[in-house]
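So the chains spell out like this:
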Amino acid sequence: MKQVLHKNKWFSVEKHILANGQEYFLLNKRPTVFIVAETKDKKLVLIKEYRYPIKRVVWQLPAGMVEGKNELKSAKKELFEETGLAAKNWSKIGYFFVAPGHENTKIIVFLARNTSSSKDSFKTSEADISEVKKFSKSEVKEMIRSRKILCAISLAALNLYFTNHSQ
């Protein structure tokens, strides 16, 4: 048996009664895309965004929920909205689940290569994003080591990138 406790356009909270009578609570969310954007000069683009739950501004990758079923179209839209960039080459580099013990959120990671700008900073249409900037791969690795990137999903997506696609 399932009971929807809360529902909005981003997620629902469900209470399930399992066959053994145990209650199970589930956070049900649409799939989300995270984009590792690589500029023509091989730098990575990060956004600096205020995150209300932790009351902090954090560096992270551009991201957003999948609209409909087209993951790539959603990734292109999010990259442009959050950075003002478009990319010539796109590839899906992996996916993972955020916290499969209590939610079903699937993260799809795209690599966007040869972005359309070589500037050091970019424009965004998103109100909560205070800065969009490119960093060398070594700078991003140092940001990870020094805990300047605190978004776990960005960290996991960057791990996929650095492990398999950073040549």
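For the structure itself, consult the block above.
The model shown is predicted, which means the values in this text are computed figures rather than measured ones. (Residues numbered from 1 in each chain as written. Predicted model: local features only at pLDDT ≥ 70, side-chain atom pairs only at ≥ 80, totals over all residues. Heavy atoms only, no water.)

## Notes on the overall build of the chain
Then, number 1: Within the chain, the secondary structure is distributed over three helices and 10 strands.
Then, number 2: Listing each helix as α and each strand as β along the chain from the N terminus yields β-β-β-β-β-β-β-α-β-β-β-α-α.
Then, number 3: Here the chain has a C-alpha radius of gyration of 17 Å; the compact-globule value for 167 residues is 15 Å, and the two agree.
Then, number 4: If you line up the chain on its principal axes, its C-alpha atoms span 55 × 35 × 35 Å.
Then, number 5: Within the span of the chain, comprising 167 residues, buried residues form 40% of the whole.
Then, number 6: Long-range contacts, defined as pairs at least 24 residues apart, comprise 58% of the intrachain contacts of the chain with a sequence gap of at least 6. (Helix = DSSP H or I, 4+ residues; strand = E, 2+ residues; numbered from the N terminus. Rg over C-alpha atoms; globule rule 2.2 N^0.38 Å. Buried < 20%, exposed > 50% of the residue type's maximum accessible area, 1.4 Å probe, protein only. Contact = heavy atoms within 4.5 Å.)

## Description of the pattern of salt bridges
Then, number 1: In the structure shown here, the tally under the stated rule is 12 salt bridges.
Then, number 2: With a shortest N-O distance of 2.5 Å, Lys134 and Asp41 are connected by a salt bridge. With Lys134 in strand β10 (residues 129–135) and Asp41 in the loop between β4 (32–38) and β5 (44–51), this pair connects stretches of sequence that are 93 residues apart.
Then, number 3: By relative accessible area, Lys134 is classed as buried at 7%. (Salt bridge = Lys/Arg side-chain N within 4 Å of Asp/Glu carboxyl O.)

## So, the nonpolar core
Then, number 1: Phe34, Leu46, Val109 and Val140 are the most contacted members of the largest nonpolar core, which totals 23 residues.
Then, number 2: The element that contributes the greatest number of residues to this core is helix α3 (residues 152–164), accounting for six residues.
Then, number 3: Judged by nonpolar contacts, the second largest core, of 16 residues, contains Leu79, Ile108, Phe110 and Val132. (Core = buried A, V, L, I, M, F, W, Y, C linked by side-chain atoms within 4.5 Å.)

## Some details on the packing of aromatic side chains
Then, number 1: All chains considered together, the criterion is met by four aromatic pairs.
Then, number 2: With a centroid separation of 5.1 Å and an interplanar angle of 90 degrees, the aromatic rings of Trp59 and Phe135 are classed as edge-to-face. Separated by 76 residues along the polypeptide, Trp59 in strand β6 (residues 56–60) and Phe135 in strand β10 bring together distant segments of the chain.
Then, number 3: Judged by centre distance (6.1 Å) and plane angle (90 degrees), the ring pair of Tyr95 and Phe97 falls under edge-to-face. (Phe/Tyr/Trp six-rings, centres within 6.5 Å; stacked < 30°, edge-to-face > 60°.)

## Quick notes on the pairing of β5
One face of the sheet, then the other: side chains in a regular strand alternate in exactly this way.
Then, number 1: Judged from the two bridges that link them, β4 and β5 form a sheet pairing that is antiparallel. If you follow Ala37 over to β5, its bridge partner there is Val45.
Then, number 2: Between β4 and β5, which pair antiparallel in sequence order, lie five residues; one of them, Lys42, sits at a positive phi of approximately 65 degrees.
Then, number 3: Where β5 meets β10, six bridges bridge the pair, whose relative direction is antiparallel. Looking across to β10, one finds that Val45 is bridged to Lys134. (Pairing = 2+ DSSP bridges.)

## Some words on a nonpolar patch on the surface
Then, number 1: There is a patch of nonpolar side chains on the surface, built from Tyr50, Tyr52 and Val57 and spanning about 310 Å² of accessible area.
Then, number 2: Of note, Val57 is situated in strand β6. (Patch = residues over 30% accessible without salt bridge, like charges linked within 9 Å, V, L, I, M, F, W, Y side chains within 5 Å. Areas by Shrake-Rupley, 256 points an atom, 1.4 Å probe, with all protein chains shown as cover.)

## Focus on the layout of surface pockets
Then, number 1: Computed from the structure, the largest pocket encloses a volume of approximately 1200 Å³.
Then, number 2: Surrounding the largest pocket, 33 residues form its lining, Lys29, Glu49, Arg51, Gln60 and Ala63 being those nearest its centre.
Then, number 3: Residue assignment for the lining of the largest pocket shows that the elements contributing at least two residues are β3 (23–29), β4, β5, β6, β7 (63–65), α1 (71–83) and α3.
Then, number 4: Broken down by element, the residue count for the lining of the largest pocket peaks at four residues, all from α1.
Then, number 5: Residues belonging to the lining of the largest pocket are distributed by class as follows: 16 nonpolar, four polar and 13 charged. (1 Å grid on protein atoms, 1.4 Å probe; cavity = no way out; pocket = protein on both sides within 12 Å on 5 of 7 lines; lining within 4 Å. Points joined across faces, edges and corners; volume = space filled by probe spheres on them. Nonpolar A, V, L, I, M, F, W, Y, C, P; charged D, E, K, R; others polar.)

## Here we look at unusual backbone geometry
Then, number 1: The phi torsion at Lys42 lies on the positive side, around 65 degrees, for a residue other than glycine.
Then, number 2: By the secondary structure assignment, Lys42 is in the loop between β4 and β5.
Then, number 3: The backbone of Asn114 shows a phi angle near 60 degrees, a positive value even though the residue is not glycine.
Then, number 4: Note on placement: Asn114 falls in strand β9 (residues 106–115).
Then, number 5: Take Asn114: its relative accessible area is 28%, and that puts it in the partly exposed class.

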